[in-house]
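As a plain string of letters, each chain reads:
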2 protein chains.
Amino acid sequence: MCIGYSTTKLQSVITIKDIAKVAGVSHTTVSRALRADSRITPDTTERVLRLADEMGYVPNSIAQSLNAKRTYTIGMLVTSVADPVVMDFMEGAEGIAQERGYCIFLSTSRNDPAREFNVVDTFQRRRVDGVILVAPRTGDKCRLALERIQVPMVLLDSEEVNDTHPAVNVDNVGGASLAVAHLLQWGHRRIGYIGATDRRLTNVKRLSGYTKTLEQAGIQLDPTWIINPEADDDLQRGRLGLGQCLAAGVTAIFCYNDQIAISVLNSCYHKGISVPQQLSIVGFDDIRLASYVNPPLTTVRQPLQEMGRTAMKMVLGLIDKAQVKNEMLDCELVERASVAPPCTV
Amino acid sequence: MCIGYSTTKLQSVITIKDIAKVAGVSHTTVSRALRADSRITPDTTERVLRLADEMGYVPNSIAQSLNAKRTYTIGMLVTSVADPVVMDFMEGAEGIAQERGYCIFLSTSRNDPAREFNVVDTFQRRRVDGVILVAPRTGDKCRLALERIQVPMVLLDSEEVNDTHPAVNVDNVGGASLAVAHLLQWGHRRIGYIGATDRRLTNVKRLSGYTKTLEQAGIQLDPTWIINPEADDDLQRGRLGLGQCLAAGVTAIFCYNDQIAISVLNSCYHKGISVPQQLSIVGFDDIRLASYVNPPLTTVRQPLQEMGRTAMKMVLGLIDKAQVKNEMLDCELVERASVAPPCTV
DNA sequence: TTGTACGCGTTATCAA
DNA sequence: TTGATAACGCGTACAA
């Protein structure tokens, strides 16, 4: 257990004692005046405030934290910031945090157990008041470590419904249904699904929305339509998935997420397959880039920022001992230009 | 000046005093044993360490900070996290921070002066050891407030070369030259530029790289080729810019950044203009999405993560009183499929 | 209405 | 080699 650090001292600023000396009162009085305590004379309060301003006093929240035993800090653990989905989660979460006087410690795990351990340890040492686990992969080792910290924690986009920690998720089954129903409406009957096995639980949900909707439409599901490419990233998944889909003779593809869909789009471009004339494609997430690609991608929108906001509200709720329940937000279909009637060649 | 907060206490964990009591030594000894101070008997050191482990002791870095007057925390102020460029800056910066035992406070200003003020105030109260200002727009009010804090600060992607604060930038002039030279090489002679006036300084640099390169090629520059659309965001800039470029009879466009380029690409799609057959396009940045669009975008790559890493190394350097100089990193041309010989219609 | 004294958890100084 | 004590900056019982 290493605790040592470089020992250089850095800051050296005005404290309430300095103000007290100048004002000719005790530091207690200054402390009270600053917090607008009604017991202090308006006179001295005024004087203290003016002095504080003139002397450039800035409260030391480290000292406040030590005393109050709370830091007004939330740790957010993400696998990577450089992910369009995570990015919006954070934007939403940070908005609420800032409003409520909280700060966010941002840490990335990069799927590296050592880093994960390190981050959890850091969160403990720094006494964060709460933790948001963003899109944790199932089987994260750090979860166990985090259980140990008795700190409010919420799961964002984990799909794991866990009795010990509340979670914010989207209706993945319903969202997938939206996508497939849309394709059915355009006349498609042979619809493929390209999944992502590293997001196991979410993948299962979206897949089940897909199968359910096909069944309800009375369509005999061909197992070769369901593809879970053996790949490490979404880019490869799209590329591999497209090949297999084509082999399965599908007229439309519903993809686990936009990144896969966009990769499919890209592969189509390279193979000279025109979308949506020859193949229709629907994604999931509605990341910013979905509307930029050619053709603009029809997709299922997740309210990403709203999810981030909700997760933050939930941790803050837990911190204030409020009752907090799992949240499941709705998706919405965004029609753009990657879907057309099936090619009748 | 409001300082009041909710007053609920949260944590309550093992301290060195608790360990001391159990070990039958003073808390000083425990403190030393934990830091592997050579003055303590290997015997007691061992015993203390074992106890610390058993009792689940986690050092309180708040208390450490109060004492040491440093927090091992860096404040990063960004206008928005939901920006593909910023995202990579952060990924890079966070990597270094984590390696060196620092944490990042992430705060967004969203171009709102009130928020900016709030963030700066927060950074001061929380006694961050340093600040990274990410892609600050010129004229940020907060700069003045930040000057007041006597805390190491570095500017990332600001293009402002400022004597008081070191900056990390990319060679914008050289990068633009790369792009234009590439278009010249393919035979283009009428090349447009779509700029972004809200990034004033960077815009000027890229524009100057553009003009310089054209001049060196002995091309008479037509002022109508240079377009600075009156718009608030890059999407609109692309749309408006394309119209004006077309009117100017240009065969290729160099765009201030990828977002504009992609918007141009998108507008072309809608107008039935095929890229690169009828119009060549080059962007700047090489954001992830640049390789996903159709056609994949030829662009000038900024080493975004490297810039983030460099900025972080620089603040940490400043904190440790090292000599730190401005850094200018090189760009690199990434050839993809949005450039072809000029259309000879 | 104001001030004194103590505690928050840790490190540093000085004495034993 | 170890320990008592003070200090970091702030908040708060309790006393005046």
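Rules used throughout
- Residues numbered from 1 in each chain as written.
- Chains lettered and ligands numbered in written order.
- Predicted model: local features only at pLDDT ≥ 70, side-chain atom pairs only at ≥ 80, totals over all residues.
- Heavy atoms only, no water.
- pLDDT = per-residue confidence, 0-100.
- Contact = heavy atoms within 4.5 Å.
- Axes fitted to C-alpha atoms, helices over the stretch in contact; angles between N-to-C directions.
- Helix = DSSP H or I, 4+ residues; strand = E, 2+ residues; numbered from the N terminus.
- Parallel < 35°, antiparallel > 145°, perpendicular 65-115°, else oblique.
- Left-handed = near helix turned anticlockwise from the far one by under 90°.
- Nonpolar A, V, L, I, M, F, W, Y, C, P; charged D, E, K, R; others polar.
- Near = heavy atom within 4 Å.
- Polar contact = N/O pair within 3.5 Å; in protein donor to acceptor, adjacent residues only side chain to side chain.
- Buried < 20%, exposed > 50% of the residue type's maximum accessible area, 1.4 Å probe, protein only.
- Pairing = 2+ DSSP bridges.
- Least-squares fit on C-alpha atoms with pLDDT ≥ 70 in both.
- Buried area = accessible area lost by both parts, 1.4 Å probe.
- Salt bridge = Lys/Arg side-chain N within 4 Å of Asp/Glu carboxyl O.
- Right-handed = clockwise from strand over helix to strand, strands pointing away.
- Phe/Tyr/Trp six-rings, centres within 6.5 Å; stacked < 30°, edge-to-face > 60°.

K.L.:
Can you help me understand the confidence of the model for chain A in this one?
P.N.:
In this model, chain A carries an average pLDDT of 91, and 93% of its residues clear a pLDDT of 70 or more. A low-confidence stretch, residues 1-5 of chain A stays under pLDDT 50, and its non-local contacts, those more than four residues away or across chains, total 11 contacts.

K.L.:
Just to check I follow, could you spell out the packing of helix α4 (residues 61-68) of chain A against helix α4 (residues 61-68) of chain B for this structure?
P.N.:
Running from N to C, α4(A) and α4(B) point in directions that differ by 140°, and their axes come no closer than 9 Å. Between α4(A) and α4(B), the crossing angle belongs to the class labelled oblique. Here α4(A) runs over α4(B); the crossing is left-handed. Taken together, the residues of α4(B) that come into contact with α4(A) (itself represented by I62(A), A63(A), S65(A) and L66(A)) are I62(B), A63(B), S65(B) and L66(B). Here the residues of the contact of α4(A) with α4(B) sort into six nonpolar, two polar and no charged.

K.L.:
Where do I start with the protein's contact with DNA strand C in this structure?
P.N.:
Residues in close proximity to DNA strand C total 29 residues, the closest being T28(A), T29(A), T41(A), N67(A) and Y57(B). A distance of 2.6 Å is found between a sugar or linking oxygen of DNA strand C and a side-chain nitrogen or oxygen belonging to T41(A). Looking at the surface near DNA strand C, the elements with two or more residues in it are α2 (27-34) and α4 of chain A together with α1 (16-23), α2 (27-34) and α4 of chain B. The residue makeup of the surface near DNA strand C, split by class, is eight nonpolar, 15 polar and six charged.

K.L.:
What am I meant to see in unusual backbone geometry here?
P.N.:
For residues that are not glycine, phi is negative in most cases, and the peptide bond is trans in most cases. Residue P295(A) is reached from N294(A) by a cis peptide bond, and omega for that bond is -10°. Position of P295(A) among the secondary structure elements: in the loop between β9 (280-285) and β10 (298-301). Backbone geometry at K321(A) places phi at a positive 60°, although glycine is not the residue there. Note on placement: K321(A) falls in the loop between α12 (304-319) and β11 (327-329). In this structure K321(A) comes out as exposed when scored by relative accessible area, which is 67%. One non-glycine residue, D286(B), adopts positive backbone phi at about 60°.

K.L.:
How should the protein's contact with DNA strand D be read in this particular structure?
P.N.:
Neighbouring residues of DNA strand D: 27 residues in total, closest Y57(A), T29(B), R32(B), T41(B) and K69(B). Within 4 Å of the protein, atoms of DNA strand D come from sugar and phosphate in 61% of cases. Interatomic distance of 3.0 Å between a side-chain N/O atom of H27(A) and a base oxygen of DNA strand D. Looking at the surface near DNA strand D, the elements that each hand over two or more residues are α2 and α4 of chain A together with α2 and α4 of chain B. For the surface near DNA strand D, the class distribution of residues is seven nonpolar, 15 polar and five charged.

K.L.:
Any chance you could explain the sheet that holds strand β7 (residues 226-227) of chain B here in plain terms?
P.N.:
Each strand in a sheet pairs with its neighbour through backbone hydrogen bonds, running either in the same direction (parallel) or in the opposite one (antiparallel). All names here are of chain B. Reading across the sheet, the six strands line up as β7-β6-β8-β9-β10-β12 and stay open at both edges, with mixed pairing between neighbours. Every interior strand has two partners, whereas the edge strands, β7 and β12 (332-334), have only one. Both strand β6 (residues 191-194) and strand β8 (residues 252-255) contribute to a ladder of four bridges, which runs parallel. Pairing of I194 across the sheet is with C255, part of β8. Contacts from helix α10 (residues 234-247) reach β6, β7 and β8, with the element oriented near 150° to β6.

K.L.:
For this particular structure, what's the right way to read the environment of K313(B)?
P.N.:
Along the polypeptide, K313(B) turns up in helix α12 (residues 304-319). Aside from chain neighbours lying at most four places away, what touches K313(B) is I96(B) and R100(B).

K.L.:
Would you explain the relation of the copies chain A and chain B in this entry?
P.N.:
The pair of chain copies shares a relation made of a rotation about an axis and a shift along it. Rotating chain A by 180° about the axis while translating it 0.0 Å along that axis superimposes it on chain B, leaving an RMSD of 0.1 Å. Overall, the copies show the geometry of a two-fold rotation axis. A share of 99% of the interface residues of chain A reappears at the interface of chain B, consistent with the copies meeting face to face through the same patch.

K.L.:
Looking at this structure, I do not really get the interface of chain A and chain B. What am I missing?
P.N.:
Where interface size is quoted, it is often the accessible area lost as the parts come together. Listed as interface residues are 75 residues of chain A and, on the opposing side, 74 residues of chain B. Summed over both sides, the interface between chain A and chain B buries roughly 7800 Å², with carbon and sulfur atoms accounting for 56% of that surface. Our count for the chain A to chain B interface comes out at six salt bridges. Here E94(A) makes a salt bridge to R110(B), at a shortest N to O gap of 3.7 Å.

K.L.:
Would you explain the pairing of strand β2 (residues 103-108) of chain B in this entry?
P.N.:
Regular strands place side chains that alternate from one sheet face to the opposite one. Most of β2(B) sits inside the fold, with six of its six residues counted as buried. The alternating pattern of β2(B) places C103(B), F105(B) and S107(B) and I104(B), L106(B) and T108(B) on opposite faces, both of which are buried. Pairing between strand β2 (residues 103-108) of chain A and β2(B): three bridges, direction antiparallel. Counted as the bridge partner of L106(A) is I104(B) from β2(B). One ladder, built from six bridges, connects strand β1 (residues 73-78) of chain B with β2(B); its direction is parallel. Counted as the bridge partner of V78(B) is T108(B) from β2(B). Between β1(B) and its parallel partner β2(B), the chain crosses via helix α5 (residues 84-99) of chain B, and the hand of that crossover is right-handed.

K.L.:
What am I meant to see in the packing of aromatic side chains here?
P.N.:
We describe a pair of aromatic rings using the distance from one ring centre to the other and the angle between the two ring planes. Residue and element names in this part refer to chain B. Overall, the coordinates contain nine aromatic pairs over all chains when judged by the stated rule. Taking the centre distance of 5.1 Å and the plane angle of 55° together, the rings of Y72 and Y102 count as tilted. One end of the pair, Y72, is in the loop between α4 and β1; the other, Y102, is in the loop between α5 and β2, with 30 residues separating them in the sequence. Relative to Y210, the ring of Y193 lies with its centre 5.5 Å away and its plane at 35°, an arrangement referred to as tilted. You can see Y193 sitting in strand β6 and its partner Y210 sitting in helix α9 (residues 200-216), a full 17 residues away along the chain.

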